[in-house]
Amino acid sequence: MENSEGNNNCGKCNEELSNDGDYAICRLCRVGYHFGECSIRGQSWEGLGKAGQSKWSCATCRRKDKPASTSEEGHSDSVPVNIAAKLDSLLKMKKTVDDVQKTLEYMSEKYDVIIEEIKSLREENRVTKRELSEVRKRLVRSEDDVKSLTERLNDLDQYGRRVKLEIQSVPVRGENLEDEKTEEVVRDLAGGINVPYVPEQIRKLHRLQRRSDDRPPAIMIQFMTSTARGTLLLAGKKARLSDKSSGQKIYFNEILTYFFKGLLKEAKSKTRIHNHRFVWFKNGKIMVKKNEEDRNIIVIKTLDDINKIG
């Protein structure tokens, strides 16, 4: 089939039409058009049927024939064409709707997965918080246990020294330390403060090694009982002895562990800042008070207790 113009080319793209007549033909200009972009979709063309196809006109002829389309006959002829155009539009819309539907279904599936993951994460978060809370509680209990055990160990270490006594600033008797009879020195000190010297109550007695300075080394005494130690310690503190030749005060002290020595040093430093006059060690505890009239004695056994001074 040839166009009325004598060629077999498409009226829009001017490409050759197929020989099997598979194209649209305008009823007015009798020119053939490829389906699709050039005219009407093939599916819509088939939907028109023979009657509708015989009344179809191309876009160019429709524009030319527009004034006549107001007549009843023209309006009647354009109905199938309008239906075809609308059908074509609806088919395109259907595809778009199908694509949107698929997208929504995909997003819905993903949304459900995300919601489940969020729920799972929230549950894991609750479990983690609960476990963390338990760990913190156990940690606090462990810290308290460590503090308690440390305090007990310090007390036990100091308790092991309850029968020991240290006397400081007692001059060495004689020219050489090795030649001194330290037992006689202690016997004279005890006699001077009216405490009987009983050798059977003493387990060990000796001088420490010479100091790097000129001060005399301390005398260390280990008694058989804490009662014997306490008697000499209390009497020595009350006597407030001094060396006659040098005027140096003689001190009777308990022998402290490394921990309590450091704790006593910290306590003395803090009392100087806050004007507390009295700091002493007794029965495994450090005591602090502001003055002689103060009845509010602060007991210090740990580093945390230092903060009580203020």
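Because the structure is a prediction, the values reported are computed rather than measured.

**Considerations on unusual backbone geometry**
- Even without being glycine, S169 reaches a positive phi, approximately 70 degrees.
- In this fold, S169 is placed in the loop between β3 (164-168) and α4 (182-192).
- What makes S169 buried here is its relative accessible area of 6%.
- One non-glycine residue, N194, lies in the positive phi region at around 60 degrees.

**Focus: the confidence of the model for the protein chain**
- Looking at the protein chain as a whole, the pLDDT averages 86, with 92% of positions reaching at least 70.
- Here helix α3 (residues 72-159) stands out as the element of the protein chain with the lowest mean pLDDT, 82, in contrast to strand β5 (residues 219-223), whose mean of 95 is the highest.
- Across residues 68-77, confidence stays below pLDDT 50; counting only partners more than four residues off in sequence or on other chains, it has five contacts.

**A word on the pattern of salt bridges**
- For the structure shown, the criterion picks out nine salt bridges.
- The partner of E180 in a salt bridge is R207, with the nearest N and O atoms 2.9 Å apart. One end of the pair, E180, is in the loop between β3 and α4; the other, R207, is in strand β4 (residues 202-207), with 27 residues separating them in the sequence.
- Exposure remark for E180: the relative accessible area of 9% places this residue in the buried category.
- Each of E151, D155 and K301 takes part in salt bridges that share partners, so that together they form one network.

**Section: helix α1 (residues 42-54)**
- In this model, α1 (13 residues) spans only 15 Å end to end at C-alpha, well below the 18 Å of a helix rising 1.5 Å per residue.
- At L48, α1 shows its maximal bend, which comes to roughly 95 degrees.

**With respect to the environment of Q101**
- As for its placement among the helices and strands, Q101 is situated in helix α3.
- The exposure class of Q101 is partly exposed, given its relative accessible area of 41%.
- Each C-alpha atom of the pair Q101 and R130 lies 43 Å from the other, and the pair is 29 residues apart in sequence.

**Digging into the nonpolar core**
- L165, I167, I221, L232 and F252 are the most contacted members of the largest nonpolar core, which totals 20 residues.
- Breaking this core down by element, the ones donating at least two residues are β3, α4, β5 and α5 (226-239).
- If we ignore the near neighbours within four places in the chain, the residues touching I167 are L189, A218, I219, I221, I250, Y251 and F252.
- By size, the runner-up hydrophobic cluster in this structure holds 15 residues, among which are C10, Y23, A24 and V31.

Each value, and the rule that gives it
Residues numbered from 1 in each chain as written. Predicted model: local features only at pLDDT ≥ 70, side-chain atom pairs only at ≥ 80, totals over all residues. Heavy atoms only, no water. Helix = DSSP H or I, 4+ residues; strand = E, 2+ residues; numbered from the N terminus. Buried < 20%, exposed > 50% of the residue type's maximum accessible area, 1.4 Å probe, protein only. pLDDT = per-residue confidence, 0-100. Contact = heavy atoms within 4.5 Å. Salt bridge = Lys/Arg side-chain N within 4 Å of Asp/Glu carboxyl O. Expected span 1.5 Å × (residues − 1). Bend = angle between axes of the 7 residues up to and from the residue. Core = buried A, V, L, I, M, F, W, Y, C linked by side-chain atoms within 4.5 Å.

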